[in-house]
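Residue-level structural notes
Below, each chain spelled out in residue letters.
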Amino acid sequence: MESNRSHFKLILGSSSIARRKILGDMGYQFTLMSADIDEKSIRKEKPEELVLALAEAKAEAIMKRIPVDDNIEEDKSTLLVTCDQVVVFEDAVREKPSSVEEAREYIRGYSKGHTATVSSVVVTNLKTGFRKGGVDRVEIYFHEIPDEIIEKLIEEGMVLKVAGALVIEHPLILPLVKEVIGTTDSVMGLPKELTEKLIKEVLGST
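Below or above, wherever it landed, is the structure these notes cover. (Residues numbered from 1 in each chain as written. Predicted model: local features only at pLDDT ≥ 70, side-chain atom pairs only at ≥ 80, totals over all residues. Heavy atoms only, no water.)

**What to know about the nonpolar core**
- Counting residues in hydrophobic clusters, the biggest one holds 24 residues, and the most contacted among them are Y110, I140, F142, I145, I168 and I173.
- If you list the elements that add at least two residues to this core, you get β3 (77-89), α4 (100-110), β6 (131-142) and α5 (147-156).
- Those residues in contact with I140 that sit more than four places away from it in its chain are G113, H114, T115, T117, L166, I168, V177, E179, V180 and V187.
- Counting 18 residues, the second-largest nonpolar core is a separate cluster that includes F8, I22, V81 and L203. (Core = buried A, V, L, I, M, F, W, Y, C linked by side-chain atoms within 4.5 Å. Buried < 20%, exposed > 50% of the residue type's maximum accessible area, 1.4 Å probe, protein only. Helix = DSSP H or I, 4+ residues; strand = E, 2+ residues; numbered from the N terminus. Contact = heavy atoms within 4.5 Å.)

The structure is reproduced here in structure tokens:
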């Protein structure tokens, strides 16, 4: 069953260019809002619980900024999609690196090793308040990552802005990826299958 996409409005609660591209590739039209939350203030023991809690906190923050009469039309549901992602390496959660040194250390650790991404998606119906969330995990295995590649990545800067300094779709890293167990869209921050499923479930609750 295809979601009837003209019967609802969609807001992507993220400033991520990758997530914007993935949602667009899925055929959705949407508006953008980003949440300003203190991510470090939210701590959970398990990575799956952490990313869900962060995505829910982003949803709450954005909902406070949306005037009720302004964006929610009587004949349409407005769905808000919020997301979060962490990288898990040797059972430790890695968020965005806090320094160049930390980014370098992260990437060196992946060389000839493996890591995982844990991504959450939370879909909230702003008209009814109904919300569903889910988590997707991807395992990634690497060949050796030479120091000169690491330095080029750091110089370019993108690795400093993403969880775990992990950019497997980057042209310098892609040839060094040995195996991905899961989907690239999930690694990039928005698992398509999970997002589609949650949207349908939340729409079905109306």
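Further notes follow.
**Structural notes on the pattern of salt bridges**
- Taken as a whole and assessed by the stated rule, the structure comprises 11 salt bridges.
- E139 serves as the salt-bridge partner of R137, at 2.7 Å between the closest nitrogen and oxygen.
- Judged by its relative accessible area of 39%, R137 falls in the partly exposed class.
- Each of E48, R137 and E139 takes part in salt bridges that share partners, so that together they form one network. (Salt bridge = Lys/Arg side-chain N within 4 Å of Asp/Glu carboxyl O.)

**A short note on unusual backbone geometry**
- A positive phi angle, near 70°, is found at D91, a position not held by glycine.
- Along the chain, D91 turns up in the loop between β3 and β4 (92-94).
- For D91, a relative accessible area of 77% translates into the label exposed.
- The phi torsion at K112 lies on the positive side, around 60°, for a residue other than glycine.
- Judged by its relative accessible area of 63%, K112 is exposed.

**Side note on the side chain of S186**
- Looking at the secondary structure, you find S186 in helix α6 (residues 184-187).
- A polar atom in the side chain of S186 sits 2.6 Å from the side chain of D136.
- Those residues within four positions of S186 in sequence are excluded, and the remaining contacts are Q85, T117, S119, D136, V138 and P191. (Polar contact = N/O pair within 3.5 Å; in protein donor to acceptor, adjacent residues only side chain to side chain.)

**Remarks on α4**
- The set of residues buried in α4 consists of A103, R104, Y106, I107 and Y110. Buried residues along α4 cover an arc of 160° about the axis, so they all sit on one side. Turned more than 90 degrees away from the buried face of α4, the exposed residues are E101 and E105.
- Of the surrounding elements, those touching the buried residues of α4 are β3, β4, β5 (114-125), β6 and α5. (Arc of directions from axis to C-beta.)

**Focus on the side chain of T124**
- You can see T124 is positioned in strand β5.
- At 2.8 Å, the side chain of T124 forms a polar contact with the side chain of R131.

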